[in-house]
Structure formats: structure tokens, C-alpha cells
Amino acid sequence: MSETTATKMPDVTAAEPIPASAMSEVNRILGNGDLYRYTTVESPVTLLERDFAEKIGSRYALAVSSCSAALFLSLMALDLQPGAKVLIPAFTFVAVPSAVVHADCVPVLCECGSNYRIDLDDFRHKLPGVDAVLISHMRGHTSDMDAIMAACDAAGVPVVEDAAHSLGTTWDGRKIGTLGKIGCFSFQSYKLLNSGEGGIMVTDDPDLMARAIMMHGSYEDKWQHHDIPADVMARVQNNMPMFGLRLNTLSAVLIRAQLEHLEQRVLDGRRNHDHVANRLRAINSVQVPAAYPAELRAPDSLQFNLPHLSDDEVDAFVGDAKRRGLHIQVFGRSKNNSRAYWNWGFLDDVPDLPQTRAMLMRACDLRLPARLTLAECDLIADTLITALGE
């Protein structure tokens with residue numbers, strides 16, 4: 001146990017706090033009502049895009065209303081034909097197949113294993129029939145990006161990274177979200193950077209960014225607020241539909257004030273995750289998949305499997321933990337869970353994916369925010385272990 005013992009269960013559903021340093025700019029914006037990103041050339045949204053691109057190591061960044069919007073715009077920017085097939089992991093959030101459908105494309109679901117990652121055999125089997133790949137690093141678990149990128153590069157298939165849960169994660173020293181053509185991140189309240197809602201997409205390709213800028217809501221000459229070559233923008237001016245997916249200045253201020261805290265939040269989140277995970281690994285009935293050697297994660301949640309328990313025992317464990325103040329969901333046994341692919345009723349064809357289904361029926365999901373202390377993490381681990389024992 002930690003030197004200081006926590007006696008009260010922390011609220012793991014609370015968001016990361018907004019730094020006090022943001023408040024003066026928040027008050028200024030609220031005072032003058034300047035919430036529109038294109039009022040000034042140096043708006044908070046423009047400054048956020050520049051700062052984020054520099055931090056992530058990309059040439060361009062575009063802040064939008066959500067990560068879902070970023071995923072949709074990414075697919076639209078690829079200029080895929082109607083009905084194009086997009087390969088996605090079967091273990092992901094409903095926003096991912098939704099973005100594919102909104103882009104008038106067809107999701108192709110790929111099996112995932114008990115370690116929550118893409119099953120490479122199924123991936124390679126389905127790759128020849130698709131036009132793009134949208135890799136979702138679900139809950140911060142990185143699939144084998146060396147194998148995936150090699151296969152996609154050889155096939156000439158573009159890759160979009162859904163890095164909503166992976167801001168701060170690196171793969172062999174490279175930042176997740178910069179390996180594919182486009183990377184998409186989230187600023188929703190449960191992420192390391194919290195603005196309630198919001199997202200951002202990054203790329204090194206000026207043509208892809210120009211298309212996304214126009215479609216996200218840059219009309220007339222508003223594109224001049226972006227660091228994009230004029231000749232590139234001239235090719236798409238008035239030739240793209242507009243969807244009105246801009247980020248407002250207040251959200252940008254909240255996010256930008258947290259950028260300087262990102263590295264510490266990544267370290268704290270990894271510490272908390274590994275601390276609880278290592279304690280759970282001592283329990284025979286628990287399986288906590290390890291990180292890949294190339295993967296340095298930035299987790300804000302913990303997933304573990306209960307492969308040896310029956311349905312009734314899993315439900316009893318979840319109920320006992322809840323009575324002790326700890327909310328856990330089992331993806332496949334949580335009613336209407338948006339991460340269980342069989343609940344995506346808007347798809348025309350939901351395939352039978354036995355490997356992914358078996359994982360989801362035993363995969364437990366627990367939010368583990370970076371702001372927790374080790375004493376609070378110990379209390380959480382004690383509660384999990386006690387509930388499992390009963």
C-alpha cells in the first residue's frame with residue numbers, strides 16, 4: 001500500500017481540471033462574446049492549431065467540433081468514391097463506423113484479439129478489398145503499426161488514425177497520430193485534454209488539409225487564417241461542400257491552457273495504470289494484456305479480462321464493485337454499449353466476429369484518470385480484488 005492510505009473512493013468519472021491560467025482569457029471572451037474562430041487572424045483557435053501541430057510534430061493541424069467530426073472530414077478529404085470500403089477494428093466506439101457511413105462509405109469490420117488489438121491475419125485477409133483503413137487505437141491500445149503500415153503502404157491504401165484515446169502515446173519513438181496520412185484526437189471531457197467537446201486533426205499533406213479546411217467551415221477567404229499555401233487553397237476554393245464543424249474560441253482557450261500539462265498527465269496516467277495493472281496481474285482469474293515493446297502508452301483508463309468467470313460471476317463482480325462505489329463496465333454485457341459492434345444497428349451487414357465478441361463479453365473497462373493519487377489507486381485495486389474474491 002502507499003504511505004498515505006485513501007479512505008474515500010475517488011470519483012473516476014470526473015474530468016481533468018481546467019487550469020486557473022485559462023480563466024483570464026475565458027473571462028475576456030465571455031465579456032466580449034468573441035466565440036467565432038474567424039473574427040481575428042490570431043484567434044485562440046488558430047493559436048491552438050499552431051501549438052498542437054508543433055507539439056505533435058505535424059505540419060498542419062485543424063481544430064474541429066469533435067473527434068467524430070475529424071474522422072468524418074479525414075475520410076472526406078481522402079476523396080473516396082461513394083460506396084468505398086473502409087477497414088476498421090470491430091472493437092471501437094460507435095463514432096468510428098458512424099464517420100464511415102456519414103462519408104458515404106462502407107465499414108468493413110476486422111477481428112480484434114483478447115489483447116484488444118487488430119488481429120493481423122484477419123486484417124491482411126480483408127485489406128485487398130478496401131479503399132482506406134481507419135485504425136482506432138481503442139482505449140489507448142496500439143495495434144502493431146509496423147505491420148499495419150507496411151501492409152497498407154504495399155497495397156497503396158491510405159491510413160487514418162483514430163487517436164482519440166492515445167494523445168501522448170508513442171510507437172517506436174514516433175507519436176501516435178503521425179504514422180498515417182491523417183491523425184485525429186479528442187478533447188472530450190474524459191480525455192487528457194478536456195474542453196467538454198472538441199477535436200483536432202493533423203497531417204503533413206497540404207492538399208488533404210486544404211480540403212478539410214474548406215469542408216469544416218472556411219468560406220470565402222477565411223482560409224487565409226490558416227497556415228496553408230495560397231496555390232493549394234485555390235485548387236479547392238468553392239469546390240468543396242461545407243459542413244460547419246468549426247471549433248469555437250472558448251473551447252480552444254481551455255485546451256491550449258492544458259497543453260503545458262500534457263506531458264505530466266501522460267506520466268501520471270501511465271503510473272496509475274501500471275500500478276493498478278500490476279496488482280491485478282497477481283490475481284489468477286484476471287488477465288491484463290501487456291503493452292507491445294514498441295508502445296509507450298498514455299492511458300487514462302484500465303482494461304482487463306475475466307476469461308475464467310461465467311456470465312453470472314462477471315455480473316456479480318460488476319455489481320459488487322458498484323456497491324463499493326466503483327463503476328466498471330463489461331463492454332459486451334453492458335446494455336446498449338456503444339463499443340459492442342452488434343449494437344450498431346445502422347449498419348446494413350453486421351458480420352459474425354467470434355473472436356471480438358468473446359473478448360467483449362469478458363473485457364472490463366475502468367476509468368483511471370491521471371489526477372488520481374497512488375493511494376487512491378491502491379483503494380481502487382483493493383476494491384477490485386475484494387470484489388473478485390467475493
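See the structure printed just above.
Described in the following lines is the structure provided in the data block.

A separate point is the layout of surface pockets. A volume near 660 Å³ is recorded for the largest pocket. Arg-139, His-165, Gln-188, Lys-191 and Arg-339 are, among the 32 residues lining the largest pocket, the residues nearest its centre. Sorting the residues of the lining of the largest pocket by element identifies α3 (67-77), α4 (95-102) and β13 (363-367) as the ones contributing at least two each. A breakdown of the residues in the lining of the largest pocket according to their chemical character gives eleven nonpolar, 13 polar and eight charged. Roughly 240 Å³ of volume is contained in the second largest pocket. Of the residues assigned to the lining of the second largest pocket, the class counts are nine nonpolar, no polar and three charged.

Before going further, it helps to spend a moment on helix α9 (residues 249-258). By the criterion of burial, α9 is predominantly enclosed, with eight of the ten residues buried. Turning to α9, its buried residues are Thr-249, Ser-251, Ala-252, Val-253, Leu-254, Ile-255, Ala-257 and Gln-258. Looking at the buried side of α9, the elements it contacts are α1 (23-32), α2 (44-56) and α10 (262-280).

We now examine the packing of aromatic side chains. Evaluation of the coordinates by the stated rule reveals nine aromatic pairs. Aromatic side chains Trp-171 and Tyr-292 sit 6.1 Å apart centroid to centroid with 80° between the ring planes, which places their arrangement in the edge-to-face category. Taken as a pair, Trp-171 in strand β6 (residues 170-171) and Tyr-292 in the loop between α10 and β10 (295-296) lie far apart in primary sequence, 121 residues in all. Classification of Trp-171 as buried rests on a relative accessible area of 4%. Aromatic side chains Phe-304 and Phe-317 sit 6.3 Å apart centroid to centroid with 70° between the ring planes, which places their arrangement in the edge-to-face category. One end of the pair, Phe-304, is in strand β11 (residues 301-305); the other, Phe-317, is in helix α11 (residues 311-323), with 13 residues separating them in the sequence. By the burial criterion, Phe-304 is buried, and Phe-317 matches it. Taken together, the ring pairs connect Phe-52, Phe-185 and Phe-187 into an aromatic cluster. Above the ring of Tyr-292, the side-chain terminus of Arg-117 is found at 4.8 Å from the ring centroid. Its end group placed over the ring of Trp-342, Arg-357 keeps NZ or CZ at 4.2 Å from the ring centre.

Each value, and the rule that gives it
- Residues numbered from 1 in each chain as written.
- Predicted model: local features only at pLDDT ≥ 70, side-chain atom pairs only at ≥ 80, totals over all residues.
- Heavy atoms only, no water.
- 1 Å grid on protein atoms, 1.4 Å probe; cavity = no way out; pocket = protein on both sides within 12 Å on 5 of 7 lines; lining within 4 Å.
- Points joined across faces, edges and corners; volume = space filled by probe spheres on them.
- Helix = DSSP H or I, 4+ residues; strand = E, 2+ residues; numbered from the N terminus.
- Nonpolar A, V, L, I, M, F, W, Y, C, P; charged D, E, K, R; others polar.
- Buried < 20%, exposed > 50% of the residue type's maximum accessible area, 1.4 Å probe, protein only.
- Contact = heavy atoms within 4.5 Å.
- Phe/Tyr/Trp six-rings, centres within 6.5 Å; stacked < 30°, edge-to-face > 60°.
- Lys NZ or Arg CZ within 6 Å of the ring centre and 35° of its normal.

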